[in-house]
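These are the residues of each chain, in order.
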Amino acid sequence: MLFEHVGVDGQRRLRRARVVLVGCGALGSVLAGTLVRAGVGALRLIDRDFPELNNLQRQTLFDEDDVAQGLPKAEAAARKLRRVNSQVEVEPVVADLHAENAEHLCTGHDLILDGTDNLETRFLMNDVAVKHGIPWVYGACIGAEGLVLPVLPRQTACLRCIWDEPPPPGSLPTCDTVGVLASAVSVVASLQAVEALKILIGRHDEVNRHLTAINVWAGRVRTISVQSAFEGGACPCCALGRFDFLTAARGSTTTTLCGRDAVQVLPRPAPATRANGPGAGAGPSRTAPPLFEAVRRRLPAACRARGNAFILQFDADGCIVTLFSDGRAIVKGTSRPAVARAIYARYVGF
């Protein structure tokens, strides 16, 4: 409140604000911690994954106890954040954001924050934000470099004003190939958080209208003017009203996870929102879902089934399978989607 650009009125606005954060990994850890400590009113955390030991280099919300417990990231993060500021309403949603549930999970909020690690989900968030007029803040980080772009729908350039389509697979470096520096993550997420605060307290006139590019190793910050891309009026999303990523059927039934030697497999047929709408994961479940019990009964003893109310984990064909209550699974030990799908079909069966 002492900071002149926020003040008492800004703090009150922040207290009433509702934010949805997609992704609780590296960027998401910093974003969530910053907003909760700043006193945002409500924060919905959407994440499909669970923490692993190699995440701890850059995902500051988690520790070795979280890895040992096997809690989903959204749930583990929510428990930490509630201990930081009990006045903030923190809602974990253990889910994969896709075309069928994105509007349901993101609308009704004042801001969408990007804590993800893949372009397909970012283009989907862009569609939801522009369609419903919800501001959002894009952020990305790889190696020592990062990008930040605040989007005020139909006022500033959106993601598709700049990139009409995601680049083809293999055309960009990934954390598998070049890694990611934790300090770069912190800088990118901090810049995202500053723009988020401006939006939430109503200082839209002070929101950065540029794409900010940083390289922490070189000590370089560049701002790139992108407003002309919006003003040109040719954007398929914000100018022409096409929401291609939102209206498409769910893209792929498998997703290779960045830097994980793992593949996420989605069930067929793709569910809609199922049990992962608002409130899903908001509190710890007392019993394992029926899906877990059904799969556990079929597993051979050699699979060493274990888990908790949120996940069922087992060994299969040299890989480790982590099954979630919505039917998703992460198959660790392969980067080949066909192998992961075959293991899923063999042991989960749908």
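Refer to the structure presented above.
Once that is clear, we can look at the sheet that holds strand β7 (residues 210-215). The mixed open sheet is built from 8 strands, whose spatial order is β3-β2-β1-β4-β5-β6-β7-β8. At either margin of the open sheet sits one strand with a lone partner, and together these are β3 (89-94) and β8 (220-225). Direction aside, neighbouring strands of the sheet carry axes that sit 15 degrees apart on average. With 4 bridges connecting them, strand β6 (residues 145-151) and β7 associate as antiparallel partners. Bridge pairing in β7 links L147 to A213.

If you trace the 6 strands from one edge of the open sheet to the other, you get β9-β10-β14-β13-β12-β11, paired in antiparallel fashion. For this open sheet the edge positions go to β9 (254-257) and β11 (306-307), each flanked by a neighbour on one side alone. Of the pairings in the sheet, the one linking strand β12 (residues 311-316) to strand β13 (residues 319-324) comprises 6 bridges and is antiparallel in character. Counterpart to A316 in the pairing with β13 is C319. Lying on the sheet, helix α13 (residues 337-347) is in contact with β9, β10 (262-265), β12, β13 and β14 (329-332); it crosses β10 at an angle near 55 degrees.

With that settled, consider the packing of aromatic side chains. Counting across every chain of the model gives 5 aromatic pairs. Seen from their ring centres, F314 and Y347 are 6.0 Å apart, and the 50 degrees between their planes marks the pair as tilted. With F314 in strand β12 and Y347 in helix α13, the pair connects residues that are 33 residues apart, well separated along the chain. Accessibility assignment for this pair places F314 and Y347 in one class, buried. Taken together, the ring pairs connect W136, Y138 and W163 into an aromatic cluster.

Quick notes on the rules
Residues numbered from 1 in each chain as written. Predicted model: local features only at pLDDT ≥ 70, side-chain atom pairs only at ≥ 80, totals over all residues. Heavy atoms only, no water. Pairing = 2+ DSSP bridges. Helix = DSSP H or I, 4+ residues; strand = E, 2+ residues; numbered from the N terminus. Axes fitted to C-alpha atoms, helices over the stretch in contact; angles between N-to-C directions. Contact = heavy atoms within 4.5 Å. Phe/Tyr/Trp six-rings, centres within 6.5 Å; stacked < 30°, edge-to-face > 60°. Buried < 20%, exposed > 50% of the residue type's maximum accessible area, 1.4 Å probe, protein only.

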